[in-house]
Amino acid sequence: NILSNHHLEYSFKISTPDMFKHPEDLLRQHSHVWHGVAIGWRNDISGNINILDSTCERIVGVKIQLSSRYLLLLSFYAPTSGRDEDFLESISSLSEYLQRYSSPDDQVLIGADSNCSTKSSPRRQQAWKNFCESFQLQNYNSPLPSFHHHNGTSESFLDFLAASTSLALGDIIQYCILETPMNLSSHDSIETTISVQLESPRNESK
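Residues numbered from 1 in each chain as written. Predicted model: local features only at pLDDT ≥ 70, side-chain atom pairs only at ≥ 80, totals over all residues. Heavy atoms only, no water.

Participant: Just to check I follow, could you spell out the packing of aromatic side chains for this structure?
Facilitator: Tallied over the full model, the rule gives 5 aromatic pairs. Pairing phenylalanine 76 with tryptophan 128 gives two aromatic rings, centres 6.2 Å apart and planes at 10°, and the pair type is stacked. In this pair, phenylalanine 76 sits in strand S7 (residues 70-77) while tryptophan 128 sits in helix H3 (residues 122-134), placing the two residues 52 residues apart along the sequence. In this structure tryptophan 128 comes out as buried when scored by relative accessible area, which is 4%. A ring pair is formed by tryptophan 128 and phenylalanine 160, whose centres lie 5.5 Å apart and whose planes are at 65°; its orientation type is edge-to-face. On the criterion of sequence distance, the pair formed by tryptophan 128 in helix H3 and phenylalanine 160 in strand S12 (residues 159-164) is long-range, its members being 32 residues apart. (Phe/Tyr/Trp six-rings, centres within 6.5 Å; stacked < 30°, edge-to-face > 60°. Helix = DSSP H or I, 4+ residues; strand = E, 2+ residues; numbered from the N terminus. Buried < 20%, exposed > 50% of the residue type's maximum accessible area, 1.4 Å probe, protein only.)

Here you go:
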């Protein structure tokens, strides 16, 4: 499977003795939050993967060589609410990233913790809408709200996939944190499947 994890949120209780503890023990503790972006893939398709240089700490991407075109897989983590200027800057960085690495025939799939929903400011909503229209991307939301505030009083559709309109995505599967205790994030994991033909005729992968 080609996996994209766009938001890693781990809780640590930081103190001097913790440096001697195993990571598994630290993950059970609550305190500082760490964030990041990442993309993973199966070793048997590594020959088709081109790792793209990261121009922003909130964006990471790879380019997969298919039989007739390229597929860009991106992971994007947008600034949280209340930081609209940073959000607009991150959208600008995302646009620049696609302009730098994509060609007209390429297809794009972005796994995003967008921090943008109907509850967000009009500036955020319009900026994301303009971005998707510029690159002909369609949003695929999870069936239910994917973000669950730690105080239990708020939920939002913050996590979704944005894909080229020519790209056929399978059903969106959601793994709710309320039913998946190993997920220590405030966000649900979401999953989809696409079938692609790799450059070599004998290699097919989902």
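Participant: So what exactly am I meant to see when it comes to the packing of helix H2 (residues 84-101) against H3 here?
Facilitator: Geometry of a packed helix pair, given as the angle between the helix axes and the separation of the axes. Contact geometry for H2 and H3: axes closest at 10 Å, N-to-C directions at 5°. Classified by the angle between their axes, H2 and H3 sit roughly parallel to one another. The residues of H3 that touch H2, namely those facing Asp84, Glu85, Phe87, Leu88, Ile91, Leu94, Ser95 and Leu98, are Arg123, Arg124, Ala127, Trp128 and Phe131. For the contact of H2 with H3, the class distribution of residues is 8 nonpolar, 1 polar and 4 charged. (Axes fitted to C-alpha atoms, helices over the stretch in contact; angles between N-to-C directions. Parallel < 35°, antiparallel > 145°, perpendicular 65-115°, else oblique. Contact = heavy atoms within 4.5 Å. Nonpolar A, V, L, I, M, F, W, Y, C, P; charged D, E, K, R; others polar.)

Participant: Where do I start with the nonpolar core in this structure?
Facilitator: One recurring pattern in soluble globular proteins: nonpolar side chains tend to sit buried together. Core analysis: the largest hydrophobic core is formed by 24 residues, its most contacted members being Leu74, Phe76, Leu94, Ile110, Trp128 and Phe131. Listed by contribution, the elements that provide at least two residues to this core are S7, H2, strand S8 (107-113), H3 and S12. Ranked by residues supplied to this core, first place goes to H2 with 6 residues. Non-local contacts of phenylalanine 131, meaning those with residues more than four positions away in its chain, are made with Ile91, Leu94, Ser95, Leu98, Ile110 and Leu137. Ranked by size, the runner-up nonpolar core spans 19 residues in total, among them Val62, Ile64, Leu169 and Leu198. (Core = buried A, V, L, I, M, F, W, Y, C linked by side-chain atoms within 4.5 Å.)

Participant: Explain the pattern of salt bridges to me, please; I cannot follow it from the model alone.
Facilitator: Where side chains of opposite charge bring their charged atoms close, a pairing between them can arise. Counted under the stated rule, the structure contains 6 salt bridges. The salt bridge involving arginine 83 is made with aspartate 86; its shortest N-O contact spans 3.1 Å. Overall, the relative accessible area of 35% leaves arginine 83 in the partly exposed class. Between glutamate 96 and arginine 100 there is a salt bridge whose closest N-O contact spans 3.6 Å. Here glutamate 96 pairs with arginine 100, and both are found in helix H2, just 4 residues apart, close to one helical turn. (Salt bridge = Lys/Arg side-chain N within 4 Å of Asp/Glu carboxyl O.)

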